[in-house]
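One-letter residues, chain by chain:
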Amino acid sequence: FLKGKTAVITGSTSGIGLAYAKALAAEGANIVINGFGDAAAIEAERVALEQASGAGATYSPADMTKPDEIAAMVHDAEGRFGAVDILINNAGIQHVAPIEEFPIEKWDAIIAINLSSAFHSIRAAVPGMKARKWGRIINTASAHSLVASPFKSAYVTAKHGLAGLAKTVALETATFGITANCISPGYVWTPLVEKQIPDTMKARNMTREQVMNDVLLAGQPTREFVTVEQVASLVLYLCRDEARGITGANLSVDGGWTAQ
Ligand code: NAD
């Protein structure tokens, strides 16, 4: 149902973003993937997306800490495919440390990648969406856009900010056929979660098993990690015409975490 539409997905060389790209490609959209990683592996993903979609797939190496590269990613996609109809702000990193020891450069990087990059990409993409009177802007926020956890000051701040940004953009674009929403997963098993286990072990003086069961899944009443496919299926729904009434929302996929 997305033939002729173009989706730009930041941070889509891995994890949730890659699952979004696969789901949108399966519906026939042109895809722009973005993110870091092994060049050959990224090229293999790009080719697979093109084959799955029967449409185009390109890779943008834009660094989400660089405003000019972010705008160029959006404008290049418009040049190549004629439009950016679906913009998914998904790139994100994590750092776990008590606030008094939180490295200043990690704070700056998390605010840039997890929050400001969405401002820059939306700013670049909205004029085209307004002109065409159709657009879908989706930010991958987090349960941490609604509640906090200790030792994640930068991440929780950035994710709360993303939720506010989506609401503001929803109001500004409401009469233009554009929706702007957040999807807020709980713990999804991806490299981002796997990588924070050692630091959490250190910060809380716990074993790997204790971190998984007593920290990560302790707050998730289903006691299961959310899957990337579950999150991607919500993106597909938000891209349907039937979802045009959903805007400014922050939709949880968190196994009940924020119901508590
Ligand atoms: P991941 O580490 O698998 O993927 C992150 C992606 O962002 C990768 O493609 C990486 O290359 C890219 N990236 C990192 N820095 C970048 C930069 N400077 N410029 C461009 N790309 C960059 O992580 P994930 O778990 O798939 O996370 C995706 C999003 O989902 C993040 O915003 C994360 O905060 C959010 N999220 C994840 C979970 C979870 O449990 N995994 C839960 C809630 C929200």
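Residues numbered from 1 in each chain as written. Predicted model: local features only at pLDDT ≥ 70, side-chain atom pairs only at ≥ 80, totals over all residues.

Hey, could you go over the overall build of the chain for me, with residue numbers and the actual values?
Looking only at helices and strands, the chain has 8 helices and 7 strands in total. For the chain, the spread of C-alpha atoms along the three principal axes comes to 50 × 40 × 35 Å. Per-residue burial over the chain gives 44% buried out of 260 residues. Restricting to contacts in the chain with at least 6 residues of sequence separation, those with at least 24 account for 74%. (Helix = DSSP H or I, 4+ residues; strand = E, 2+ residues; numbered from the N terminus. Buried ≥ 20, exposed ≤ 12 C-beta atoms within 10 Å, placed from the backbone. Contact = placed C-beta atoms within 7 Å.)

Got a sec to walk through the environment of Thr-227? Specific residues and values, please.
Checked against the element boundaries, Thr-227 lands in the loop between helix H7 (208–216) and helix H8 (228–239). As a C-alpha pair, Thr-227 and Lys-22 span 205 residues in sequence and 14 Å in three-dimensional space.

Break down the site of the ligand for me, with residues and values.
Surveying the vicinity of the ligand reveals 29 residues, the closest of which are Gly-11, Gly-15, Gly-35, Gly-92 and Leu-192. Looking at the shell around the ligand, the elements that each hand over two or more residues are helix H1 (15–26), helix H4 (104–132) and helix H6 (191–204). (Near = placed C-beta within 6 Å.)

Residue-level account of the nonpolar core, with values.
Val-8, Tyr-20, Ala-21, Leu-24, Ile-31, Leu-162 and Val-235 are the most contacted members of the largest nonpolar core, which totals 64 residues. Broken down by element, this core gets its largest block of residues, 9 residues, from helix H5 (residues 153–173). (Core = buried A, V, L, I, M, F, W, Y, C linked by C-beta atoms within 7 Å.)

Please set out the UniProt feature "domain: Ketoreductase" (unreviewed entry) in the chain residue by residue, giving values where relevant.
UniProt annotation of "domain: Ketoreductase" (unreviewed entry) refers to residues 5–177 when read in the numbering used here. Helix makes up 53% of residues 5–177 and strand 13%, with an end-to-end C-alpha separation of 14 Å. (UniProt positions renumbered as here; feature names shortened; annotations may be inferred.)

Got a sec to walk through the packing of helix H3 (residues 67–81) against H4? Specific residues and values, please.
Contact geometry of H3 with H4 gives a least axis separation of 9 Å together with a crossing angle of 30 degrees. Judged on the interaxial angle alone, H4 and H3 are roughly parallel. H4 is crossed by H3, and the crossing has right-handed handedness. Touching Pro-67, Ile-70, Ala-71, Val-74, His-75 and Glu-78 of H3 are Ser-117, His-120, Ser-121, Ala-124, Ala-125 and Gly-128, all from H4. The class makeup of the residues in the contact of H3 with H4 is 6 nonpolar, 5 polar and 1 charged. (Axes fitted to C-alpha atoms, helices over the stretch in contact; angles between N-to-C directions. Parallel < 35°, antiparallel > 145°, perpendicular 65-115°, else oblique. Left-handed = near helix turned anticlockwise from the far one by under 90°. Nonpolar A, V, L, I, M, F, W, Y, C, P; charged D, E, K, R; others polar.)

Lay out the sheet that holds strand E2 (residues 30–34) with the relevant residues and their values.
On the basis of which strands lie adjacent, the open sheet formed by 7 strands has the order E3-E2-E1-E4-E5-E6-E7 and parallel pairing. If you trace the sheet from one side to the other, it starts and ends with strand E3 (57–60) and strand E7 (250–253), each paired once. Between one strand axis and the next, the sheet turns through 20 degrees on average, direction left out of account. Sheet analysis places strand E5 (residues 135–140) next to strand E6 (residues 178–185), joined by 6 bridges and oriented parallel. Bridging across to E6, Asn-139 finds its partner in Cys-182. Helix H2 (residues 39–53) contacts E2 and E3 of the sheet and is inclined by roughly 150 degrees relative to E3. Each of E5, E6 and E7 is contacted by H5, which is oriented at about 160 degrees to E6, the strand it contacts most. (Pairing = 2+ DSSP bridges.)

Would you mind going over H8 in detail, with residue names and values included?
Each α-helix winds once per 3.6 residues, and so residues spaced three or four apart point in a common direction. Helix length check: H8 (12 residues) gives 17 Å between terminal C-alpha atoms against 16 Å at 1.5 Å per residue, within 8%. Here the buried face of H8 lies against H1, strand E4 (86–89), E5, E6 and E7. (Expected span 1.5 Å × (residues − 1).)

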